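# Per-entry structural report
So you can see what is in the structure, the chains are spelled out below.
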Amino acid sequence: MKMNGKVMTVKEGMTVEELLHQEGYRLGRIAVERNGEILPKSQYAATRVEKDDVYEIVNFVGGG
Amino acid sequence: MNQSILSKEQIKEVLIERHGKQVYEKLKNAHVAIAGLGGLGSNVAVMLTRAGIGSLHLVDSDKVESSNLNRQIYRMKHLGRYKTKALTQELKEINPYIRITEDTIKVTEENAAELFKEDLYICEAFDVPECKAMLINTLLAAREDVFMVAGSGMAGYDSSNQIRTRKRMKNLWVCGDEINGIEEKGSLMAPRVAICAGHQANLLIRLLLGEKEERRNYAGR
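Residues numbered from 1 in each chain as written. Chains lettered and ligands numbered in written order. Predicted model: local features only at pLDDT ≥ 70, side-chain atom pairs only at ≥ 80, totals over all residues. Heavy atoms only, no water.

## So, the overall build of chain B
Rule in force here: Only DSSP runs of H or I reaching four residues or more are called helices, and only runs of E reaching two or more are called strands; each is numbered from the N terminus. Exposed residues in this analysis have more than 50% of their type's maximum accessible area, buried residues have under 20%, and partly exposed residues fall in between, with area computed by a 1.4 Å probe over protein chains only. Pairs of residues are marked as contacts when any of their non-hydrogen atoms sit within 4.5 Å. Only the protein chains shown count as cover for residues, and the accessible areas themselves come from Shrake-Rupley with a 1.4 Å probe.
The helix and strand tally for chain B stands at 8 helices and 7 strands. The dimensions of chain B, computed from C-alpha atoms along their principal axes, are 55 × 40 × 40 Å. For chain B, the proportion of its 221 residues judged to be buried stands at 50%. Here the contacts in chain B between residues at least 6 apart in sequence split such that 67% fall between residues at least 24 apart. Summed over all atoms, the accessible surface of chain B reaches about 10600 Å², with 50% contributed by carbon and sulfur.

Right, dumping it as structure tokens:
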């Protein structure tokens, strides 16, 4: 699978939520696109990472 | 009437002289919503108004505070006033004929889709990262058609050149360095915030004028 353009291998059956935790993201501060579509937060825990998946994770930082 | 107030025709004339009739017409008929009227939002609103945008939807629940003056367009006379009201007043001094809709309300997961239902081009200009993420997640899940222009990473005084515009998702563009938050840098200063706001405003103009801002390959976060 790919995350922000980087090819990665994840263990089988891993969920998106587990992947995000593993990568150190704070779930309240991100938006996740999976294969070209926004992935609602409510589905992070129920969605399994497939080997051909492409993810874009936008991490928001403070200030405005 | 005060002699120094330009007529609608005079403003039209100068804008056409600057931008050409085609650009003038497109921007005149364009509408943008701005969520958050702080350093990013207030600057974006001023820039779009100067460019001749026809209408704006301004959304913020805060009042102008003394801590805003270091980077937001407000002045001492605005202290204690709602940002929606203060900003509308400033914008009307640039172009009295701009149409403005104000919502002095806190944007939440529950009301976001309803609040922005009439808007197609939406500028995310909050300062709290959780609010930024909430707005993007809520609107992108609710809508297929929006153009979301977000700001992330403009704190401190690192190089201006780190701030850029990138298309990150199907309907989401992010302006900023995507790294430097207020948490890390401990400061927010007018120049970098305005640079980021300039990216957002220019991108909005480009999108409104039909320019393509496509996704490029990029590695890393």
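After presenting the structure, the write-up continues.
## Let's talk about the interface of chain A and chain B
Short version of the rule: Defined here as a combined quantity, buried area equals the accessible surface (1.4 Å probe) lost by two parts on assembly, summed across both. Any carboxyl oxygen of Asp or Glu within 4 Å of a side-chain nitrogen of Lys or Arg constitutes a salt bridge here. Put simply, Ala, Val, Leu, Ile, Met, Phe, Trp, Tyr, Cys and Pro go in the nonpolar bin, Asp, Glu, Lys and Arg in the charged bin, and everything else, Gly too, in the polar bin.
Tallying the contact residues gives 25 residues for chain A and 37 residues for chain B. Across the chain A/chain B interface, buried area totals approximately 2400 Å², and carbon plus sulfur atoms make up 54% of it. Taken as a group, Phe60(A), Val61(A) and Gly64(A) account for 28% of the area that chain A buries against chain B, more than any other trio of residues on that side. One can count 4 salt bridges joining chain A with chain B. With its nearest N and O atoms 2.9 Å apart, the salt bridge here joins Arg29(A) to Glu130(B). At the level of elements, strand 3 (30-34), strand 4 (37-38) and strand 5 (54-59) of chain A are the ones that each hand at least two residues to the side of chain A that touches chain B. By residue class, the composition of the side of chain A that touches chain B is 11 nonpolar, 8 polar and 6 charged.

## Here we look at the packing of aromatic side chains
Residues and elements named next belong to chain B. To keep things clear, this is the line we draw: Between 30 and 60 degrees the pair is tilted, below 30 it is stacked and above 60 it is edge-to-face, where a pair is any two Phe, Tyr or Trp rings, Trp via its six-membered ring, whose centres lie within 6.5 Å. Only Lys NZ and Arg CZ are tested; either one counts as a charge over a ring when it is within 6 Å of the ring centre and within 35 degrees of the ring normal.
Within this structure, the stated rule accounts for 2 aromatic pairs over all chains. Centroid distance Tyr121 to Phe147: 4.5 Å. Interplanar angle 10 degrees. Geometry classified as stacked. Of this pair, Tyr121 sits in strand 4 (residues 121-124) while Phe147 sits in strand 5 (residues 147-151), placing them 26 residues apart in sequence. With a relative accessible area of 13%, Tyr121 lands in the buried category. Ring centres of Phe147 and Trp173 lie 5.9 Å apart, and the angle between their planes is 20 degrees; this geometry places the pair in the stacked category. You can see Phe147 sitting in strand 5 and its partner Trp173 sitting in strand 7 (residues 172-176), a full 26 residues away along the chain. An aromatic cluster is present here, built from Tyr121, Phe147 and Trp173 joined pairwise through their rings. Geometry around Tyr82 places Lys63 over its ring, the cationic atom sitting 5.0 Å from the centre.

## As for helix 3 (residues 39-51) of chain B
All names here are of chain B. Put simply, the rule is: One less than the number of residues in a helix, times 1.5 Å, gives the span that helix is expected to have.
The terminal C-alpha atoms of helix 3, which comprises 13 residues, lie 18 Å apart, in line with the 18 Å expected from a rise of 1.5 Å per residue. With 11 of its 13 residues buried, helix 3 lies for the most part within the structure. Residues of helix 3 that are buried include every one of Gly39, Leu40, Gly41, Ser42, Asn43, Val44, Ala45, Val46, Leu48, Thr49 and Ala51, and no others. Taken from the residues just after helix 3, Gly52 is the one with a positive phi, measuring 100 degrees.

## Description of the pattern of salt bridges
In this structure the tally under the stated criterion is 17 salt bridges over all chains. Among the salt bridges present, the one from Glu124(B) reaches Lys132(B), with a minimum N-O distance of 3.3 Å. Classification of Glu124(B) as buried rests on a relative accessible area of 0%. For Lys132(B), a relative accessible area of 0% puts it in the buried group. With a shortest N-O distance of 3.0 Å, Asp177(B) and Arg192(B) are connected by a salt bridge. Residue Asp177(B) is found in the loop between strand 7 and helix 7 (182-185), and its partner Arg192(B) is found in helix 8 (residues 190-208); the two are separated by 15 residues along the sequence. Here Asp177(B) matches Arg192(B) in class, with each residue buried. Each of Glu56(A), Arg166(B), Arg168(B) and Glu178(B) takes part in one network of salt bridges that share partners.

## What to know about the side chain of Gln200(B)
Residues and elements named next belong to chain B. Our working rule: For the purposes of these results, a polar contact is taken to be a pair of N or O atoms within 3.5 Å, where, inside protein, one atom must be able to donate a hydrogen and its partner to accept one; residues adjacent in sequence count only when each atom of the pair is a side-chain atom.
Within the secondary structure layout, Gln200 lies in helix 8. The class of Gln200 is buried, set by a relative accessible area of 0%. There is a polar contact of 3.3 Å between the side chain of Gln200 and the backbone oxygen of Val149. Those residues in contact with Gln200 that lie beyond four places of it in its chain are Leu40, Val44, Cys123, Glu124, Val149, Ala150, Gly151 and Cys175.

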